[in-house]
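The residues making up each chain are set out below.
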Amino acid sequence: MIHYSDEAIIEGLRLRSDYIIKYIYQELFPTIKYLVVKNSGNDEDAEDVFQDSLIVIFKKIRDNELELTCSFRTYLYSVSRNIWLQKLARSRQFAREFSDIENFVDLPDKVMDQLSDNEEMEKYRLYQEHFLTLGEDCRKVLLLFMKKMPLREIATEMGYKTEKYAKTRKYLCKEELKKRIINDPKCHKFLSDD
């Protein structure tokens, strides 16, 4: 397997590269899973913590606020560790002794504030979950649209004959995604809060 440098990982995340995301899951998820399971969690908790950590890192990269003072692995572990500690504290399942399995760094308050914005992470996770269930064509069209690519270029990239078809396709995919999210029982929690 290819090993990527921290810079390559961060640039890959900035570009939302499937290869880099798969690499991170293959290389780093087992460590986070072990941390969570060893400290009163289960496999599902580990997946949630890992996804929440990636969301925090995505946001920091997007906002040009990510400054690594350690390896990417250590940073991801530190974010995951803090998220898990917060979840344990909220659910009052905090173990007497928390067992670290990796080195970690203390994160600045600004990062900690982002971690505590749990509802935003839940909304993003719900969106991601349903986005990934769309067909490959829809996912690609929506990603190109989110990257602010002009419809003419989307049509060319996707092999559509006209700009109008690209616009229609984008609309249909977006509506399908909305429908899936709104029909998810987990979405009702957010709708009733407003």
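Residues numbered from 1 in each chain as written. Predicted model: local features only at pLDDT ≥ 70, side-chain atom pairs only at ≥ 80, totals over all residues. Heavy atoms only, no water.

**Q** Now, about the overall build of the protein: what can you tell me, with residues and values included?
**A** When you go through the protein residue by residue, the secondary structure sums to 10 helices and zero strands. Going residue by residue from the N terminus, the α and β elements of the protein occur as α-α-α-α-α-α-α-α-α-α. Only carbon and sulfur atoms are counted for the fraction: they give 50% of the accessible area of the protein, which is about 12,000 Å². (Helix = DSSP H or I, 4+ residues; strand = E, 2+ residues; numbered from the N terminus. Areas by Shrake-Rupley, 256 points an atom, 1.4 Å probe, with all protein chains shown as cover.)

**Q** Go over helix H3 (residues 43-62), please, and point to the residues and values.
**A** Taking 1.5 Å of rise per residue, 20 residues should cover 28 Å, and H3 covers 28 Å from first to last C-alpha, within 8% of that figure. Taken together, the buried positions of H3 are Ala46, Val49, Phe50, Asp52, Ser53, Leu54, Ile55, Val56, Ile57, Phe58, Lys60 and Ile61. The N-capping residue of H3, defined by a side-chain oxygen 3.0 Å from the backbone nitrogen of Glu44, is Asn42. Just downstream of H3, Asn64 is the residue with a positive phi angle, here 55 degrees. (Expected span 1.5 Å × (residues − 1). Buried < 20%, exposed > 50% of the residue type's maximum accessible area, 1.4 Å probe, protein only. Polar contact = N/O pair within 3.5 Å; in protein donor to acceptor, adjacent residues only side chain to side chain.)

**Q** Outline the pattern of salt bridges, supporting the account with residue identities and numerical values.
**A** According to the stated counting rule, one finds 10 salt bridges in the structure shown. Of the charged contacts, one joins Lys140 and Glu157 as a salt bridge, the two residues approaching to 3.5 Å between their closest N and O atoms. Here the residue Lys140 occupies a position in helix H7 (residues 136-146), and Glu157 occupies one in helix H8 (residues 151-158), the gap between them amounting to 17 residues. A relative accessible area of 35% places Lys140 in the partly exposed class. Residue Glu175 is joined to Lys178 by a salt bridge in which the shortest nitrogen-to-oxygen separation is 3.1 Å. Taken as a pair, Glu175 and Lys178 lie in helix H9 (residues 163-182) at a separation of three residues, close to a single helical turn. (Salt bridge = Lys/Arg side-chain N within 4 Å of Asp/Glu carboxyl O.)

**Q** Let's hear about the state of the cysteines: which residues, and what values?
**A** Enumeration according to the criterion identifies one disulfide in this entry. Each sulfur in the disulfide pair Cys138 and Cys173 lies 2.1 Å from the other. Between Cys138 and Cys173 the sulfur-sulfur dihedral comes to about -75 degrees; the bridge is accordingly left-handed. On the criterion of sequence distance, the pair formed by Cys138 in helix H7 and Cys173 in helix H9 is long-range, its members being 35 residues apart. (Disulfide = S-S within 2.5 Å.)

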